[in-house]
Amino acid sequence: MIRQEEENTELSITTTQRNAYETRRSPPRAILVGVDVDSVNGLWSVDDSLSELNQLARNAGFEIVGSARQKLRTPHPATMVGRGKVEEIRDLAADQRADVVIFDDELSPSQQRNLEDALKLAVIDRSQVILDVFAQRARTREGRLQVELAEYEYLMPRLAGAWTHLSRQYGRAATRGGPGETQLEIDRRNARQRIGDLKRQIERVRGQRQLHRDQRREKGLKVAALIGYTNAGKSTLFNALVRAGVSAQDRPFDTLDPTTRRLALPSGRIALLSDTVGFIQKLPVALVAAFRATLEELESADVLVHVLDVTHPRGYEQGREVEQVLKELGVADKPIVTALNKIDQLDGVETDADTGRGEIGEMLRALAAHYPRAVPTSARRRWGLDLLLSEIEAAMASPVFK
């Protein structure tokens, strides 16, 4: 039966590989690969970026069994890394009995095919891992539609003359079904038809959301949207401010679908507060753009509340990454209030429970200097929330607030 299926679909994957993928109970074993490119002056070191990829991959359902990195002037056009490094990765994968190799940078379709031919393993990149995590987090119908559309649009360029490549496409690690696997059984025409159908369904949902936004405007309700790096504590702060009870687990992209609740301001006026998906470095804007619901919340918001994790060793870099994404999305000119969150977890910090000010550490002072209208907060202990609400209300009242 399996051989007959292989002949009908012209897949090059072996029966042994197929059975291993379908019956494996333990997580797929993965090797991570990072490239330090001289021409890219990023805020993150390759070690920091690989550490983040490690967390993402684990949340996607992979077991990380090794890593490799290479410093290059420019990425190799055929395989991203050099020939010698490809051989080193192949040996490492064999030693660790790896099932998949994950690159920290986005691979072109040809690079992905060349690497799979050389390594004889499934090869995916950071974008695919993020899509896997998104797919696990989507709870609403709109969220699931957005994820499926993003997956199809990501995989579409990899369909062109790539059936042998797609036969090794690993798909989602922690779940089965969906575009990651069905790409093996559909052709380009069917994929285009599905993309068109998804866009039409999403457009109908967008119309409903726009109707709700129009009703808000008619009622004169102001809107604040929580933004920030993934896992910065946005949902915890959201719950503290509006008692929403939304999921706030310690994992990337725990919030994928926007949630909006009524917010009581210090003056007694009522506004709305939206919790949105978190950003992350090396996330292509085209991928972010697939999640129109979140972007539309940012575009329609009167104030953006930037939640920044002051305990993270790369908190400053995370904040800069969020600023860059806001610029790319065209919403950086909106009034922004910054919540320097999780101050209760800083060693040696004595905090005034009413104002959130008190003695702040060196890291907090440096962040406060970069964000002059920032408010130190602890969403978990409800420190600084009154001051934060006052700043949000001031931002809503002043169109020139910065």
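Please refer to the structure placed before this passage.
Residues numbered from 1 in each chain as written. Predicted model: local features only at pLDDT ≥ 70, side-chain atom pairs only at ≥ 80, totals over all residues. Heavy atoms only, no water.

Q: Mind laying out helix H6 (residues 126–137), listing which residues take part and the relevant values?
A: Here H6 contains 12 residues, and its C-alpha end-to-end distance of 17 Å stays within 8% of the 16 Å for a straight helix at 1.5 Å per residue. Among the 12 residues that make up H6, 10 are buried, leaving the element largely enclosed by the rest of the structure. Listed in full, the buried residues belonging to H6 are Arg-126, Ser-127, Gln-128, Val-129, Ile-130, Leu-131, Asp-132, Val-133, Phe-134 and Arg-137. (Helix = DSSP H or I, 4+ residues; strand = E, 2+ residues; numbered from the N terminus. Expected span 1.5 Å × (residues − 1). Buried < 20%, exposed > 50% of the residue type's maximum accessible area, 1.4 Å probe, protein only.)

Q: Explain the pattern of salt bridges to me, and be specific about the residues and the numbers.
A: Taken as a whole and judged by the stated rule, the model has 17 salt bridges. For Glu-52, the salt bridge is made with Arg-126, and the minimal N-O distance between the two is 3.1 Å. In this pair, Glu-52 sits in helix H3 (residues 46–60) while Arg-126 sits in helix H6, placing the two residues 74 residues apart along the sequence. Taking the relative accessible area as the measure of exposure, Glu-52 reaches 11% and is therefore buried. The exposure class assigned to Arg-126 is buried, which follows from its relative accessible area of 1%. Measuring nitrogen to oxygen at the nearest pair gives 3.2 Å for the salt bridge that ties Asp-105 to Lys-282. Within this pair, whereas Asp-105 is found in the loop between strand S3 (100–103) and helix H5 (109–119), its partner Lys-282 is found in the loop between strand S7 (270–275) and helix H12 (285–289), the two being separated by 177 residues in sequence. Owing to a relative accessible area of 21%, Asp-105 belongs among the partly exposed residues under this scheme. Each of Glu-52, Asp-104, Asp-105, Arg-126 and Lys-282 takes part in a single network of salt bridges with overlapping partners. (Salt bridge = Lys/Arg side-chain N within 4 Å of Asp/Glu carboxyl O.)

Q: Kindly report on the sheet that holds strand S1 (residues 29–37), identifying the contributing residues and their values.
A: The strands making up a sheet are joined through hydrogen bonds of the backbone, oriented either antiparallel or parallel. Taken together, the 4 strands give an open sheet; going across it, the order is S2-S1-S3-S4, and neighbouring strands pair in parallel fashion. Strands at the two margins of the open sheet, each flanked by one partner only, are strand S2 (63–72) and strand S4 (122–125). Neighbour-to-neighbour, the strand axes of the sheet open up by a mean angle of 25°, direction not taken into account. Here S3 runs beside S4; their pairing, made up of 4 bridges, is parallel. In the sheet register, Ile-102 faces S4, and the bridge partner there is Ile-124. Here H3 sits on the sheet and contacts S1, S2 and S3; the angle it forms with S1, its principal contact strand, is near 155°. (Pairing = 2+ DSSP bridges. Axes fitted to C-alpha atoms, helices over the stretch in contact; angles between N-to-C directions. Contact = heavy atoms within 4.5 Å.)

Q: Please set out the packing of aromatic side chains residue by residue, giving values where relevant.
A: Counted by the stated rule, this structure contains 1 aromatic pair. Each ring, one from Trp-44 and one from Tyr-229, has its centre 5.9 Å from the other, and the planes form 25°; the classification is stacked. With Trp-44 in the loop between S1 and H3 and Tyr-229 in the loop between strand S5 (223–228) and helix H11 (234–242), the pair connects residues that are 185 residues apart, well separated along the chain. (Phe/Tyr/Trp six-rings, centres within 6.5 Å; stacked < 30°, edge-to-face > 60°.)

Q: Describe the sheet that holds strand S9 (residues 336–341), naming the residues involved and giving the relevant values.
A: Strand order in the open sheet made by the 6 strands is S6-S7-S5-S8-S9-S10, with mixed pairing throughout. Edge strands, defined here as strands with exactly one partner in the open sheet, are strand S6 (259–264) and strand S10 (374–376). In this sheet, adjacent strand axes meet at a mean angle of 25° when their direction is disregarded. In the sheet, S6 pairs with S7 via 6 bridges, with the strands oriented antiparallel. Its bridge partner being in S7, Ala-264 is matched across the sheet by Ile-270. Docked against the sheet, helix H14 (residues 315–329) engages S5, strand S8 (303–309) and S9, running at close to 155° with respect to S8.

Q: Just give me the short version of the environment of Pro-258, but keep the residues and values in it.
A: Following the sequence through the fold, Pro-258 ends up in the loop between H11 and S6. Residue classification places Pro-258 among the buried positions, given a relative accessible area of 13%. Considering only alpha carbons, one finds Pro-258 and Leu-226, 32 residues apart in sequence, at a separation of 9.8 Å.

Q: Run through the environment of Ala-368, naming residues and quoting values.
A: Within the secondary structure, Ala-368 is located in helix H15 (residues 362–370). Judged by relative accessible area, which is 28%, Ala-368 ranks as partly exposed. When the C-alpha atoms of Ala-368 and Leu-340 are compared, they prove to be 7.9 Å apart, with 28 residues separating the residues in sequence.

Q: Give me the side chain of Ser-235: which residues, what numbers.
A: Within the element layout of this structure, Ser-235 appears in helix H11. Here Ser-235 falls in the buried class, since its relative accessible area comes to 8%. Reaching out from Ser-235, the side chain makes a polar contact with the side chain of Asp-275 at a distance of 2.7 Å. (Polar contact = N/O pair within 3.5 Å; in protein donor to acceptor, adjacent residues only side chain to side chain.)

Q: Lay out the environment of Gln-112 with the relevant residues and their values.
A: Topologically, Gln-112 is positioned in helix H5. A relative accessible area of 0% means that Gln-112 is categorised as buried. Sequence separation of Gln-112 and Met-80 is 32 residues, and the distance between their C-alpha atoms is 9.0 Å.

Q: Requested: an account of the nonpolar core, with residues and values cited.
A: Judged by nonpolar contacts, the single largest core of 39 residues is most densely connected at Phe-62, Val-100, Ile-102, Phe-279, Leu-298, Leu-304 and Leu-326. Sorting the residues of this core by element identifies S1, H3, S3, S4, H6, S5 and H14 as the ones contributing at least two each. In contact with Leu-326, not counting residues within four places along its chain, are Ile-227, Phe-279, Leu-298, Leu-304, Val-331, Ala-332 and Ile-336. The next biggest cluster of nonpolar side chains, apart from the first, holds 25 residues, and it includes Leu-241, Val-242, Ala-339 and Met-396. (Core = buried A, V, L, I, M, F, W, Y, C linked by side-chain atoms within 4.5 Å.)

Q: Requested: an account of unusual backbone geometry, with residues and values cited.
A: Outside of glycine, negative phi angles account for most residues, and trans bonds account for most peptide bonds. With a phi close to 50°, Arg-97 is a non-glycine residue in the positive phi region. When you line up the elements, Arg-97 lands in the loop between helix H4 (83–95) and S3. A positive phi angle, near 75°, is found at Asn-231, a position not held by glycine. Relative to the helices and strands, Asn-231 resides in the loop between S5 and H11.

Q: Outline the pairing of S8, listing residues and values.
A: Side-chain positions along a regular strand alternate between the two faces of the sheet. Most of S8 is tucked away: 7 of the 7 residues are buried. Alternating positions in S8 separate into two faces, Val-303, Val-305, Val-307 and Asp-309 on one and Leu-304, His-306 and Leu-308 on the other, with burial throughout. Two elements, S5 and S8, share 5 bridges in a ladder whose sense is parallel. Within the sheet, the bridge partner assigned to Gly-228 lies in S8 and is Val-307.

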